[in-house]
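# Structural characterization, general
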Protein chains: 2
Amino acid sequence: MGRETETPDGVVGDSPIARLCVKHGLKMTGQRRVIARVLSEAEDHPDVEELYRRASALDSRISVATVYRTVRLLEEKGILERRDFGGGRARYEASENGHHYHLIDVDSGNVIEFENDELVGLLARIAAELGFDLMSHRAELFGRRINGDKKASAPSNVTQTGHRGK
Amino acid sequence: MGRETETPDGVVGDSPIARLCVKHGLKMTGQRRVIARVLSEAEDHPDVEELYRRASALDSRISVATVYRTVRLLEEKGILERRDFGGGRARYEASENGHHYHLIDVDSGNVIEFENDELVGLLARIAAELGFDLMSHRAELFGRRINGDKKASAPSNVTQTGHRGK
DNA sequence: TTAAGTGCAAATTGTTTGCATACAA
DNA sequence: TTGTATGCAAACAATTTGCACTTAA
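Residues numbered from 1 in each chain as written. Chains lettered and ligands numbered in written order. Predicted model: local features only at pLDDT ≥ 70, side-chain atom pairs only at ≥ 80, totals over all residues. Heavy atoms only, no water.

### What to know about the pattern of salt bridges
All told, the structure shown has 28 salt bridges over all chains when counted by the stated rule. With a shortest N-O distance of 3.1 Å, Arg 53 of chain A and Glu 49 of chain A are connected by a salt bridge. Here Glu 49 of chain A and Arg 53 of chain A lie together in helix α3 (residues 48-58), a separation of four residues that amounts to about one turn. Under the relative-accessibility criterion, Arg 53 of chain A is labelled partly exposed at 45%. One salt bridge in this structure joins Glu 75 of chain B and Arg 82 of chain B, with 3.2 Å as the shortest N-O distance. On the accessibility criterion, Glu 75 of chain B (25% relative accessible area) is partly exposed. Salt bridges linked by common partners bring Asp 44, Asp 47, Glu 49, Glu 50, Arg 53, Arg 54 and Arg 89 of chain A together as one network. (Salt bridge = Lys/Arg side-chain N within 4 Å of Asp/Glu carboxyl O. Helix = DSSP H or I, 4+ residues; strand = E, 2+ residues; numbered from the N terminus. Buried < 20%, exposed > 50% of the residue type's maximum accessible area, 1.4 Å probe, protein only.)

Next up, the structure:
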């Protein structure tokens, strides 16, 4: 069985996250490549059990323990970010997806993801003023749709990043 | 053995949170009063183990199970808020403490609370740009103490609301 | 070759629960 | 009195780890 991707000229192609692993000097085992690929292709925020399920589908010789170990390793390297949406289990997403925030529509439950550089800057400044380097952060807004406002006009500084599945 | 507080005229005085419990129609047992008092007096974000330790010091006939049950009950009633600052355990604080943000020291686990009007304004503006009225929000920063920076100089716009120990 | 990675199962950790007893209303 | 709360210990669920065996570099 080959690697996960063959480019036209026959060169083995690693997933974006696998490449990041290499860049960080990690030893690339078969299972790490598979897990990296699963992570690269994920458009949601899978927990370990789900990652294990997807990875197993690609290569059955992977154990949950390895998924746990890999996910922890990648988090330490800053390649992955752990999210806690409640429910007891940790969920992961690639850091390279960029930092984004969640605005939850309190009436419909819909979640809108957005990016905002000004917010990042402000948070970093606040941390600095308190004597800290900002390592990571999170922010969730809960709002109610403004009367009759179907879709807000493209906002100046807010980049609404398409939202990801599930 | 009496209740936890006696007012000058001999009337039993409950802690603020104990009063909230009564207001919510909860049956007030001895252990609930103690736990409510511990929560009222807490100026930090204790986890269950810590709550258990403090409650036990006041009344040794309390079990961890009861602390877990009480904390869950009060959260359902909206009297308590559960926080996740990483580290695996849930931490709690009284809802009545008002709105503030948290900066978590990733190395020590210490939590610094702060308020920031600029942040509130920005978040409200972002919500508005997306077509929403901001109902509520939360933000958590994870940072690492800047080298050699013991205590940052009093920041312009950041109001550090008493930091609470460990 | 050889230090690092993996599978497996057992061990930990945080939290919940079943059941007999104790207690607030 | 009577239904709810509690203590205790066993049950659980998510995650970690010890150890012998593979494997990437």
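### Quick notes on the nonpolar core
In terms of nonpolar packing, the biggest core is built from 26 residues, with Leu 119 and Ile 126 of chain A together with Leu 119 and Ile 126 of chain B touching the most fellow members. Elements that contribute at least two residues to this core include exactly β3 (101-105), β4 (111-114), α5 (117-129) and β5 (132-145) of chain A together with β3 (101-105), β4 (111-115), α5 (117-129) and β5 (132-145) of chain B. Among residues more than four places away in sequence, those in contact with Leu 119 of chain B are Leu 119, Leu 122, Leu 123 and Ile 126 of chain A together with Tyr 101 of chain B. (Core = buried A, V, L, I, M, F, W, Y, C linked by side-chain atoms within 4.5 Å. Contact = heavy atoms within 4.5 Å.)

### Looking at the protein's contact with DNA strand C
In the vicinity of DNA strand C lie 19 residues, with Arg 61, Ser 63 and Thr 66 of chain A together with Tyr 68 and Arg 89 of chain B positioned nearest. Backbone atoms, meaning sugar and phosphate, make up 71% of the atoms of DNA strand C lying within 4 Å of the protein. At 3.0 Å, a side-chain N or O of Arg 32 of chain A approaches a phosphate oxygen of DNA strand C. If you list the elements that add at least two residues to the surface near DNA strand C, you get α2 (30-41) and α4 (64-76) of chain A together with α4 (64-76) of chain B. Here the element with the most residues in the surface near DNA strand C is α4 of chain B; it accounts for four residues. Partitioning the surface near DNA strand C into residue classes produces five nonpolar, six polar and eight charged. (Near = heavy atom within 4 Å. Polar contact = N/O pair within 3.5 Å; in protein donor to acceptor, adjacent residues only side chain to side chain. Nonpolar A, V, L, I, M, F, W, Y, C, P; charged D, E, K, R; others polar.)

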